[in-house]
Amino acid sequence: MHWQLHNVDALPWLLDQSAGEFDALVTDPPYSSGGLHTKDRVKDKANDKYLSSPNLYPEFSGENRDQYSYLQWSTLWLSQACRTLREGAPVLLFSDWRQLPVMTSAMQAAGFTWRGIVAWDKTEASRPQKGRFRQQAEFVIWGSKGAWHDADGPTQPGVLRFAVTAGGPKLHTTGKPLPLMDALVKVCPSGTILDPFAGSGTTGMAALRSGRRFVGCEREEAYYKIACERLAAA
Ligand SMILES: C[S@@+](CC[C@H](N)C(=O)[O-])C[C@H]1O[C@@H](n2cnc3c(N)ncnc32)[C@H](O)[C@@H]1O
């Protein structure tokens, strides 16, 4: 089997996995971000926070942690994910501008070496803000478990420019474009990519399209089903 997806909570599942099993961690966890004020930021459901038309996609939860608990929770699951990776495995973590400091701390506290940031330029199709800067970028925090695995491969771009809908319509509230994920998985060794927060399965699609294997978790049944259909078709 080239892929496995589990309809479970990632943290207890990670606790059950053997050490050194996976070759890379590429994931887009819930950001617990969005909204300027506490009353908006503590909303548990994502669609209200991130969409102007909240009924377009199935809901997902886990979006209501404050900074302190987000840091602790992220450190917990990242520590477990780190344990399940081989030495030298790359780690690529999505984040937004607000959670960048917390996520870079969590990944280092969990045992990874932080090596840089790739900017995802979402193009001028992203959210305008009158009189201010367009909210145009999200970030991929990257690093490794120990030494970087590849000292001779081609240099990959540090800024990736893709509209959210590049490669096909979005299937998830915060789904990532497939061409973006195709570009990111290029730094992963052959073997199995782990994504504990699979959503609609875009990381898995990129893994399979590049000849790698994929193991993931997705807690919401609606997204689990969407991801399984996509992965089976791939
Ligand atoms: C940002 S989305 C991932 C979107 C994905 N990159 C895509 O392109 O479709 C994060 C996903 O993590 C899931 N999630 C949140 N907390 C979880 C948990 N504790 N265990 C497993 N999945 C979880 C949510 O249901 C959501 O679908």
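In what follows, the structure referred to is the one given above.
Structure report, in brief. (Residues numbered from 1 in each chain as written. Predicted model: local features only at pLDDT ≥ 70, side-chain atom pairs only at ≥ 80, totals over all residues. Heavy atoms only, no water.)

**Some thoughts on the overall build of the chain**
In step 1: Within the chain one finds eight helices and eight strands.
In step 2: Against the 2.2 N^0.38 benchmark of 17 Å for 234 residues, the chain shows a C-alpha radius of gyration of 17 Å, consistent with a compact globule.
In step 3: Counting only C-alpha atoms, the chain reaches 45 × 40 × 35 Å along its principal axes.
In step 4: Across the 234 residues that make up the chain, the buried fraction comes to 51%.
In step 5: Across the chain, the fraction of contacts at a sequence separation of at least 24, relative to all contacts at a separation of at least 6, is 72%.
In step 6: Surface summary for the chain: the accessible area is close to 11100 Å², and the carbon and sulfur share equals 54%.
In step 7: Side chains of the chain give 26 positive and 24 negative charges; the mean places of these two sets differ by 5 Å. (Helix = DSSP H or I, 4+ residues; strand = E, 2+ residues; numbered from the N terminus. Rg over C-alpha atoms; globule rule 2.2 N^0.38 Å. Buried < 20%, exposed > 50% of the residue type's maximum accessible area, 1.4 Å probe, protein only. Contact = heavy atoms within 4.5 Å. Areas by Shrake-Rupley, 256 points an atom, 1.4 Å probe, with all protein chains shown as cover. Lys, Arg positive; Asp, Glu negative; His and termini not counted. Charge placed at Lys NZ, Arg CZ, Asp CG, Glu CD.)

**Here's the deal with the side chain of Ser 74**
In step 1: Its place among the elements puts Ser 74 in helix α4 (residues 67-84).
In step 2: Setting aside chain neighbours within four positions, we find Ser 74 in contact with Met 103 and Ala 106.

**Concerning the packing of aromatic side chains**
In step 1: Applying the stated criterion across every chain yields a total of seven aromatic pairs.
In step 2: Centre to centre, the rings of Phe 94 and Trp 120 are 6.4 Å apart; their planes meet at 90 degrees, and the pair counts as edge-to-face. With Phe 94 in strand β3 (residues 90-95) and Trp 120 in strand β4 (residues 113-121), the pair connects residues that are 26 residues apart, well separated along the chain. Of the two residues examined, Phe 94 and Trp 120, each falls in the buried class.
In step 3: In textbook terms, an aromatic cluster arises when at least three aromatic residues are bridged by ring pairs, as seen for Tyr 70, Trp 73, Trp 77 and Phe 197.
In step 4: Over the face of the ring belonging to Trp 120 we find Lys 122, whose NZ or CZ atom lies 5.6 Å from the ring centre.
In step 5: The aromatic ring of Phe 94 is capped on one face by Lys 176, whose charged end is 5.4 Å from the ring centroid. (Phe/Tyr/Trp six-rings, centres within 6.5 Å; stacked < 30°, edge-to-face > 60°. Lys NZ or Arg CZ within 6 Å of the ring centre and 35° of its normal.)

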